[in-house]
Amino acid sequence: MGVAPVEVEQPQTGEETALDEPWVTIVWNDPVNLMTYVTYVFQRVFGYPKPKAEKLMLDVHHKGKAVVSSGTREAMERDAETLHGYGLWATVSHDS
Amino acid sequence: MAESFHAVPGGAACYFEAAQAGVVRSLISQVAELVGSDAGTAAGTETVDDLEAQLGLSSHADPPDDPVLARLFPDGYADDPEASAEFRRYTEESLRSGKLACAQAVLDTLPPTGGEVRLSEPECQQWLRALNDVRLALSVRLGISDEDEDLTANLALDDPRAAYVWVYQWLAYLQDSLIEALS
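Quick notes on the rules
Residues numbered from 1 in each chain as written. Chains lettered and ligands numbered in written order. Predicted model: local features only at pLDDT ≥ 70, side-chain atom pairs only at ≥ 80, totals over all residues. Heavy atoms only, no water. Salt bridge = Lys/Arg side-chain N within 4 Å of Asp/Glu carboxyl O. Helix = DSSP H or I, 4+ residues; strand = E, 2+ residues; numbered from the N terminus. Buried < 20%, exposed > 50% of the residue type's maximum accessible area, 1.4 Å probe, protein only. Phe/Tyr/Trp six-rings, centres within 6.5 Å; stacked < 30°, edge-to-face > 60°. Contact = heavy atoms within 4.5 Å. Buried area = accessible area lost by both parts, 1.4 Å probe. Polar contact = N/O pair within 3.5 Å; in protein donor to acceptor, adjacent residues only side chain to side chain. Nonpolar A, V, L, I, M, F, W, Y, C, P; charged D, E, K, R; others polar. Core = buried A, V, L, I, M, F, W, Y, C linked by side-chain atoms within 4.5 Å. Pairing = 2+ DSSP bridges. Axes fitted to C-alpha atoms, helices over the stretch in contact; angles between N-to-C directions.

Caption draft 1: Local environment of the pattern of salt bridges. Counted by the stated rule, this structure contains twelve salt bridges over all chains. As a salt-bridge pair, Arg73(A) and Glu77(A) come within 4.0 Å of each other at their nearest N and O atoms. Of this pair, Arg73(A) and Glu77(A) are both found in helix α3 (residues 73-85), four residues apart, which corresponds to roughly one turn of the helix. Assessed through its relative accessible area of 23%, Glu77(A) is described here as partly exposed. A salt bridge links Glu92(B) to Arg88(B), with the nearest nitrogen and oxygen atoms 2.7 Å apart. Residue Glu92(B) and its partner Arg88(B) are both found in helix α4 (residues 81-109); the two are separated by four residues, about one turn of the helix. The buried category is assigned to Glu92(B), whose relative accessible area is 2%. Given the relative accessible area of 3%, Arg88(B) is considered buried. Connected through shared salt-bridge partners, Asp75(B), Arg88(B), Glu92(B), Glu93(B) and Arg96(B) make up one network.

Caption draft 2: Geometry of the packing of aromatic side chains. Residue and element names in this part refer to chain A. Here the structure, examined in full by the defined rule, presents seven aromatic pairs over all chains. Taking 5.3 Å as the distance between ring centres and 25° as the angle between the ring planes, the aromatic pair formed by Trp-28 and Trp-89 counts as stacked. With Trp-28 in strand β1 (residues 23-28) and Trp-89 in strand β3 (residues 89-94), the pair connects residues that are 61 residues apart, well separated along the chain. Between Phe-46 and Tyr-48, the aromatic rings sit 5.3 Å apart at their centres with planes inclined by 25°, giving stacked as the arrangement. The exposure class of Phe-46 is buried, given its relative accessible area of 16%.

Caption draft 3: The interface of chain B and chain A, seen in detail. Contacts between chain B and chain A engage 31 residues on the former and 26 residues on the latter. Across the interface of chain B and chain A, roughly 2500 Å² is buried in total on both sides, 56% from carbon and sulfur atoms. For the interface between chain B and chain A, the tally reads two salt bridges. The residue Asp30(A) makes a salt bridge to Arg71(B) at a minimum N-O spacing of 3.6 Å. The tally of links between chain B and chain A comes to 13 residue pairs in polar contact (both at pLDDT 80 or more). When residues in the side of chain B that touches chain A are grouped by element, the largest group, eight residues, is from helix α5 (residues 121-141) of chain B. Of the residues in the side of chain B that touches chain A, the class split is 14 nonpolar, eight polar and nine charged.

Caption draft 4: Inspection of the nonpolar core at higher detail. One finds Phe42(A), Phe16(B), Trp127(B) and Leu171(B) to be the most contacted residues of the largest nonpolar core, which totals 73 residues. In terms of residues, this core owes the most to one element, helix α6 (residues 162-182) of chain B, which gives eleven residues. Look past the residues within four positions of Trp127(B) in its chain and what remains in contact with it is Phe5(B), Phe16(B), Ala105(B), Val106(B), Thr109(B), Leu110(B), Val117(B), Leu119(B) and Leu178(B).

Caption draft 5: Just the sheet that holds strand β2 (residues 65-71) of chain A, in detail. All names here are of chain A. Read from one edge to the other, the open sheet built from three strands follows the order β2-β1-β3, with strand pairing classed as antiparallel. Two strands bound the open sheet, and with one partner strand each, they are β2 and β3. Geometrically, the sheet is characterised by an average inter-axis angle of 30° between neighbouring strands, direction not taken into account. In this sheet, β3 lies alongside β1 in antiparallel orientation, the contact comprising six bridges. Paired with Val-24 across the bridge in β3 is Ser-93. Sitting on the sheet, α3 is in contact with β1, β2 and β3, with an inclination near 20° to β1.

Caption draft 6: The arrangement of the environment of Thr36(A) in detail. Residue position: Thr36(A) is located in helix α1 (residues 35-46). With 18 residues separating them along the chain, Thr36(A) and Glu54(A) place their C-alpha atoms 8.3 Å apart. Reaching out from Thr36(A), the side chain makes a polar contact with the side chain of Asp176(B) at a distance of 2.4 Å.

Below is the structure:
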């Protein structure tokens, strides 16, 4: 599954462990949102270039869901909230 | 159905017939009313802490009963009701006000009698999300569960919702043109 690594700004306290990190935001396929719209949202929210956003959208479309970002739990909740604002269904999950 | 958004310097423009403007305004208003009616920080609610209300926290823990609202405010965790409840508590009110602002932007820029609508880029963004909320709401009312299904198959010939199948498809066309104009 082609997911571009997303740079997450981390405060450099040295206290983070790997356990803080492996949270992901998942976008689920739905029958309403236009493919053009989902692609556009991924470009706008994550700054992905169009081909990358399109590939991610196709992953969601064909596989039923796809990981769109990864990082701390707080960052993933922010992403999910932003995506909900656009009408996509996104959930936060611990990537284990 | 011929008119659609086209790019203009600084944004996009589209001509709306009066009937088209009426339909869009009506649907936007209905969705806004539904979204606004379910606020979880009602001042009269005894269970809402004053500080919580000031911080914009929702008193809602569970997904909304209304299926349209449930679609507009989905759970943040797929299999963790407690985490979902916390997520809802912290995000629902801000999501709600964002959706209402987008709906208001459409009402502010689309005259009831229609005409040439010219939008700035930020207004385009608000229209995009407001139109999407309307399509999501319509999809719930139309019982759309599969993107390939024949939309008319669900409905009896005299079902009043049948007219909305056309609107739903027209809004997709309109939304697509707006995305194209923004790209």
